[in-house]
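# Fold and contact review
Here is how the chains run, residue by residue.
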Amino acid sequence: MTPRPVYLYVFDELPDWETGHATAHINAPMWQREPGRYGVRTVGATTDPVTTMGGTRIVPDMTLDQVTADEAAMLILPGGFSYEAESTPHDAVMAKVAELMAAGTPVAAICGAIFGLARAGLLDEVDHTGAAKEYLAMTGYVGGEHYRDELAVTDRGVITAGPTEPVAFARHIFAALDLYEPEILDAWYGLYSTGDPAYFGVLDAAS
């Protein structure tokens with residue numbers, strides 16, 4: 001089986017912690033409904049190396065123009081302060097997001113990436129969450145009525161989560177990808193959100 005790509009958008013100073021739960025478990029076969037169905041590939045505006053906020057150096061596997069809706073399982077966008085800049089480096093990825101959304105390909109954004117989506121007009125008719133309603137209002141977007149005060153939200157194939165919710169973000173990503181059986185997904189989320197070892201028992205039994 002050739003893994004279907006889940007693309008992780010990478011760029012300088014991306015916050016490492018926001019997507020780590022999601023990407024690690026997408027690549028790890030344990031507990032999955034169909035191991036090997038997906039594989040994470042990094043994608044950048046160019047293939048020049050980038051350095052994360054944590055100092056990890058990443059060489060993108062490919063460029064955004066190589067991502068197509070027919071083969072992509074999902075595009076994941078980490079957050080970061082650079083989405084707020086007047087001269088944002090993320091115009092190309094926003095254009096790609098619009099293309100994927102139009103084709104019905106899932107897109108997942110967390111933290112500052114949601115600011116970018118809002119500013120690009122991509123959340124005007126989609127239920128979403130983020131760091132705060134007031135923060136997204138700074139973009140001037142007209143989708144404020146669709147803001148939901150929740151840890152993470154999925155609507156019309158668009159997943160959003162606040163900056164402190166990488167576990168809830170991952171849970172919604174896994175659900176959209178149908179990565180785990182429902183009871184495994186619930187146990188995974190319970191373990192990583194509470195630390196209760198009882199949830200590990202459920203996962204261990206499924207190994």
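Structural data are supplied above this passage.
Calculation notes
The residue numbering used here restarts from 1 in each chain and proceeds along that chain's sequence as written. Selection of residues for local features in this predicted model requires a pLDDT of at least 70, selection of side-chain atom pairs for listing and counting requires 80 or more, and totals for whole chains, interfaces and linings are taken over all residues. Note that the side-chain values use all heavy atoms of the structure and ignore hydrogens as well as water. Runs of H or I in DSSP of at least four residues are treated as helices and runs of E of at least two as strands, each being numbered from the N terminus. We call two N or O atoms a polar contact when they sit within 3.5 Å, provided that within protein one can donate a hydrogen and the other can accept it, with sequence-adjacent residues counted only if both atoms are side-chain atoms. By definition, residues are in contact when any of their heavy atoms lie within 4.5 Å. Stacked, tilted and edge-to-face pairs are distinguished by plane angle, under 30 degrees for stacked and over 60 for edge-to-face with tilted covering the rest, among Phe, Tyr and Trp rings (Trp via its six-membered ring) whose centres lie within 6.5 Å. Under the scheme applied here, a residue whose accessible area is under 20% of the maximum for its type counts as buried, over 50% as exposed, and between as partly exposed, the area being computed with a 1.4 Å probe on protein chains only. Here a strand pair is declared whenever DSSP counts at least two bridges between the two strands. Think of each axis as a best-fit line through the C-alpha atoms, taken over the contacting stretch in the case of a helix, with angles from 0 to 180 degrees between the N-to-C directions. Surface patches are drawn from residues lacking salt bridges whose relative accessible area is over 30%; two like charges belong together within 9 Å, two nonpolar side chains (Val, Leu, Ile, Met, Phe, Trp, Tyr) within 5 Å. All accessible areas in this document rest on Shrake-Rupley with a 1.4 Å probe, and a residue is counted as covered only by the protein chains that are shown. When a carboxyl oxygen of Asp or Glu is within 4 Å of a side-chain nitrogen of Lys or Arg, the pair counts as a salt bridge. The criterion is simple. A nonpolar core is a set of buried Ala, Val, Leu, Ile, Met, Phe, Trp, Tyr and Cys residues joined through side-chain atoms within 4.5 Å.

## A few points about the side chain of Thr 63
Within the secondary structure layout, Thr 63 lies in strand β5 (residues 62-63). Separated by 2.5 Å, the side chains of Thr 63 and Asp 65 make a polar contact. Setting aside chain neighbours within four positions, we find Thr 63 in contact with Val 43, Gly 44, Ala 45, Thr 46 and Thr 47.

## Regarding the packing of aromatic side chains
Applying the stated criterion to the full structure yields 6 aromatic pairs. Look at Tyr 9 and Phe 11: their rings are 5.1 Å apart centre to centre, the planes differ by 40°, and that puts the pair in the tilted class. The same class applies to Tyr 9 as to Phe 11, namely buried. A connected cluster of aromatic rings, assembled from ring pairs, spans Phe 174, Tyr 180, Trp 188 and Tyr 192.

## Digging into the pairing of strand β8 (residues 152-155)
For β8 and strand β9 (residues 158-161), the ladder comprises 4 bridges, and the chain directions are antiparallel. Bridging from a neighbouring strand, Asp 155 pairs with Val 158 of β9. Hairpin connection between β8 and β9: a loop of 2 residues separates the two successive antiparallel strands, and Arg 156 in this loop has a positive phi of roughly 55°.

## Concerning the sheet that holds β8
Strand order in the open sheet formed by 7 strands is β5-β2-β1-β6-β7-β9-β8, with mixed pairing between adjacent strands. Both outer strands of the open sheet, β5 and β8, are each paired with one neighbouring strand and no more. Judged from the 3 bridges that link them, strand β6 (residues 74-77) and strand β7 (residues 107-110) form a sheet pairing that is parallel. By the bridge assignment for β7, Leu 75 is matched with Val 107. Contacting β6, β7 and β9, helix α3 (residues 112-119) runs over the sheet at an angle of about 115° to β7.

## A look at a nonpolar patch on the surface
A cluster of nonpolar side chains, Trp 17, Met 53 and Phe 81, forms an exposed patch at the surface whose accessible area comes to about 380 Å². Inspection of the secondary structure puts Met 53 in the loop between β3 (50-51) and β4 (57-58). By relative accessible area, Met 53 is classed as partly exposed at 41%.

## Re the nonpolar core
The nonpolar side chains of a soluble globular protein tend to be buried, and buried together. Judged by nonpolar contacts, the single largest core of 66 residues is most densely connected at Ile 26, Leu 75, Ile 76, Leu 77, Ile 173 and Phe 174. The element contributing the most residues to this core is helix α5 (residues 166-177), with 7 residues.

## Looking at the environment of Glu 183
As for its position among the elements, Glu 183 is in helix α6 (residues 182-194). In this structure Glu 183 comes out as partly exposed when scored by relative accessible area, which is 48%. Measuring from C-alpha to C-alpha, the distance between Glu 183 and Tyr 9 comes to 30 Å, with 174 residues separating the pair along the chain.

## A word on helix α1 (residues 20-27)
Among the residues of α1, those classed as buried are Ala 22, Thr 23, His 25 and Ile 26. Buried residues belonging to α1 abut β1 (4-9), β2 (38-44), β6, α5 and α6.

## Regarding the side chain of Thr 129
By the element assignment, Thr 129 lies in the loop between α3 and α4 (133-137). Looking at Thr 129, its side chain comes within polar contact range of the main-chain oxygen of Arg 148, at 2.8 Å. Leave out the neighbours within four places in its chain, and Thr 129 touches Ile 114, Leu 136, Tyr 147, Arg 148, Glu 150, Leu 151, Ala 152, Val 153, Thr 160, Ala 161 and Gly 162.

## Structural notes on unusual backbone geometry
Look at Cys 111: it is not a glycine, yet its phi comes out positive at around 55°. Here Cys 111 is to be found in the loop between β7 and α3. The phi angle at Asp 178 is positive, at roughly 55°, despite the residue not being glycine. You can see Asp 178 is positioned in the loop between α5 and α6.

## Things to note about the pattern of salt bridges
Under the criterion given, the structure shown has 6 salt bridges. Its salt-bridge partner being Asp 186, residue Arg 171 comes within 2.8 Å of it at the nearest N-O pair. Note that Arg 171 is positioned in helix α5 and Asp 186 in helix α6, a separation of 15 residues in sequence. Given a relative accessible area of 26%, Arg 171 falls into the partly exposed group.

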